[in-house]
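Reading the structure
Here's the letter readout for the chains.
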Amino acid sequence: MITKRPLTYWIKTSNMKLQLILLVVIFITVSIRLVPLEMQKKIINQAISMRKVDLLFMYCGFYIASVVAASLLKYLITVLQTYIGQEALAKMRKELYAHILTLPLGYFRKANPGMVVSSLVTELAPAGEYVGQSVAVPVTNLLTLIAFAGYMFFLNPIMAGISIALYPFVIYLVPKLQKRSNKANKKRVDTTRYLSSHINETISGIHEIHGNGSYRIENRKYGAYIDKLFKIRITWILYKQGIKVLNSFFQNLGPFLLFIVGGYLAIQGRFDLGALVAFLSAYEKIYDPWKELMDFYQVHNDSAVRYNRVMEYFDAKPEFELEPVGREPVKLTGNIDVQNLGFTVSGNIRLLKQINMQLKPGEQMALVGFSGSGKSTLAQCISQLYKYTGGSVKIDGYEVAELTKADLVHNMGIVAQSPFIFSGSIKANLLYSCAAVLEGDPEADKKMPSRDQMIEAIQQAGIFVDVLRFGLNTFLDPSKEAELSERLVRVRKNFHADFGERLAEHVEFYRDGEYLEFSSVAGNITFGHANDSSFAGKELVTNEYFLSFLKEAQLETPLLSLGRELARQTVDILGNLPAEEVFFEQSPIPTEEFDEYKQIVTRCESKTLQEIEGRDREMILHLALGFVPGRHKIVALPTILRSLILDGRKMFNTKVCNECPDKFSFFQMTEFIPSQTILDNILFGKPKTDHPKVQDNISQSMIQLLIEEDLLETVVELGMGFEVGTKGDKLSGGQRQKLAIARTFLKNPPIMIMDEATSALDNRSQNRIQGLLETKWKGKSTLISVIHRLDTIKNYDKVAVMKAGKLMEVGPYDELMAKKGLLYELVHGAH
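Residues numbered from 1 in each chain as written. Predicted model: local features only at pLDDT ≥ 70, side-chain atom pairs only at ≥ 80, totals over all residues. Heavy atoms only, no water.

Some details on the pairing of strand β2 (residues 349-359)
- Where strand β1 (residues 336-345) lies against β2, seven bridges are found, and the strand directions are antiparallel. Note that in β2 the partner of V345 across the bridge is I349.
- Linking β1 back to β2 in an antiparallel pair, the connection comprises three residues, with G347 at a positive phi of about 90 degrees. (Pairing = 2+ DSSP bridges. Helix = DSSP H or I, 4+ residues; strand = E, 2+ residues; numbered from the N terminus.)

Given below as structure tokens:
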């Protein structure tokens, strides 16, 4: 198990080929680093003292060549050790992550996600770096130390002895300080984890903090952690820096002794000047490998502390084997037999007591009971999510506790009350269970469900319309999807021919030559969609090209006049009303900009249009360009300005087509608009209202045409490519639950466990799913369903009633109701 491996394991199993290459490079590097020392001596004693320029240039050439070579080889050593370290770190993270995924669910009830993330991402990083350095740093620096020390003894044994004599003191003192530093470091690592855990908990419960106004309480808790960490870090850093100061002191003490002894010997003529210079240079250079060894010693201890803490934190065993050995996963039919089942958690708390029940293949059982009665726990023990502590659960005669995870995964589908939706597309989440079953199968691609099967699953789960809507809101690139774009333009024409008159009351279709009452003034001028962001939204009022056009088309002054009038009237009418949505529904000024426009109206009251400048001018023009006559009823659009805008539309079209055709996609019935969604391309207009009934009529009309054009499945497939966001946050709770149900239906397992799987759905959707279970899945899959709505359990083969961890009643609904026992009390209590 990975958590039992010492840090040295990763050194032994690292890339040995690269380690050998690294050793060879180190030996060459150390040898080359001695050359500059010898060259220094020769330059002084031979080239300079003998006044030979040719020797000077030759020795200097050797000097610079050896320095360059040593630097390049040093960089190569860094590259190799970095690769080795990062490769080991990647292996550590992968194997530890794989181990974490197999840990029991009970472990994660205590483990904090923030600590898991911190351990994998932050805490392991120093261990990887250490593995990369474990050979290169000690070998390089030890060899360098030996080589330089040997060279110093070669130059003068007495001075070399004096120099080396200082290091035993350092070797004695440093480990003592390091031991204390390690102790402080352990406390730092643990406290940092607790702090991460606390921050994670606080952010997760931020709604409670806001709801209860408990800001001071949380600040006090956080402050206590920070104060504790402050003291620990002070101690740790002081010990760490103390080691560096000690090293530095002894390093600076060395030259003092050398100058006294070496200077005396040089004065006496027993030591030549070149040798003294070389000796001092060697002593200075010997400090570098010594310093690196001390730093490595600290890295070793820090890495060991962090690594051991991480492995201790995850030192737990999986409850079940993952894969069967020597056989394929068993094939089950769904015959479930539970005998004397018990489940006890830490603290000797018994959640399940003496449970007995049987289900034949294809039978359906509803688990009901009061909150906390053990319904979900029983379902989770049967599905191997928890390992029961007493009794027996057998499926087709196999003891569940002895089956591998793969055995259960191949035969069971589980839908939780709060299903988790992973980042990625709807399709990836839909296929998640099937992909897990087929993982490692060489024919996995062939065995994956087809598009029709996926569509059938989302239809059954009731998420088909949502996925279709996602598809209709997809953008297409005509250059890549030419055929589909052409077919959608054909659908547009048919849509207008078949439903144009019927929907004209609710949709304003794009017609050249007509003013669009439900589009903005800017939309009426451009009559298209910007492909360049500088021609869209607020950017339009600062776009020099567009402003120049407005002047050319004589639209600038009328629009400024319209904007000022809109601002005046809106501020006058809504100025004293509260900033509530109901009052601002038909306002051209959004609530968040209202105060700014109030100030603009005051500032511009006595100014002419030509005198309004800067941001005030931009804001007034922006207000005019965003004005939608069909929605903003405060001011009417002057008839003359309407005519000017329609004339301007033609001028703008001509100007852009001639000068910058790539900036805009203009509305043409025969052309697909890449900057608009499939829905907007087919509609080729704007709804006059967002009333659900109107939207429904439009959708139904489109679906009919997509079916006729044989494009419905294609659009739904595009919808399955919709990215659901982190934890599926772009989907509603009901959509997430429907997607999880569809995922299980697509898997088509012989056993289904549904733990309040429809709790987030409305009554209509719940009844639809329930009806499907009673028809399509009856007799096909053994079903255990934890249910909170008692009006949906009548048609189950069996109803099991739980209370305080015990199974009180089991039998058909009518039979249990006739007994007037606990189920009877539950049903009538619910009413």
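Now that the structure is up, let's keep going.
Let's talk about empty space enclosed by the protein
- This structure, assessed with the given rule, holds four cavities of 30 Å³ or more.
- Space inside the largest cavity adds up to approximately 150 Å³.
- The wall of the largest cavity is formed by 15 residues, among which T758, Q770, S785, I787 and T792 lie closest to the centre.
- Looking at the lining of the largest cavity, the elements with two or more residues in it are α31 (763-775) and β12 (782-786).
- Looking at the lining of the largest cavity element by element, the count peaks at four residues for α31. (1 Å grid on protein atoms, 1.4 Å probe; cavity = no way out; pocket = protein on both sides within 12 Å on 5 of 7 lines; lining within 4 Å. Points joined across faces, edges and corners; volume = space filled by probe spheres on them.)

Topic: the sheet that holds strand β6 (residues 412-415)
- With mixed pairing, the six strands of this open sheet are ordered in space as β6-β11-β12-β3-β13-β14. The open sheet terminates on both sides in strands that have one partner only, identified here as β6 and β14 (806-811). Going across the sheet, the axis of each strand differs from the next one's by a mean of 15 degrees, ignoring polarity.
- One ladder, built from five bridges, connects strand β3 (residues 364-369) with strand β13 (residues 798-803); its direction is parallel. Across the sheet, L367 pairs through a bridge with A800, a residue of β13. (Axes fitted to C-alpha atoms, helices over the stretch in contact; angles between N-to-C directions.)

A few points about the layout of surface pockets
- Taken as a whole, the second largest pocket holds about 840 Å³ of empty space.
- Lining the second largest pocket we find 30 residues, and of these F518, S519, S520, V628 and K686 sit closest to its centre.
- Counting residues per element, the ones that place at least two in the lining of the second largest pocket are α20 (521-526), β8 (528-530), α25 (614-625) and β10 (685-687).

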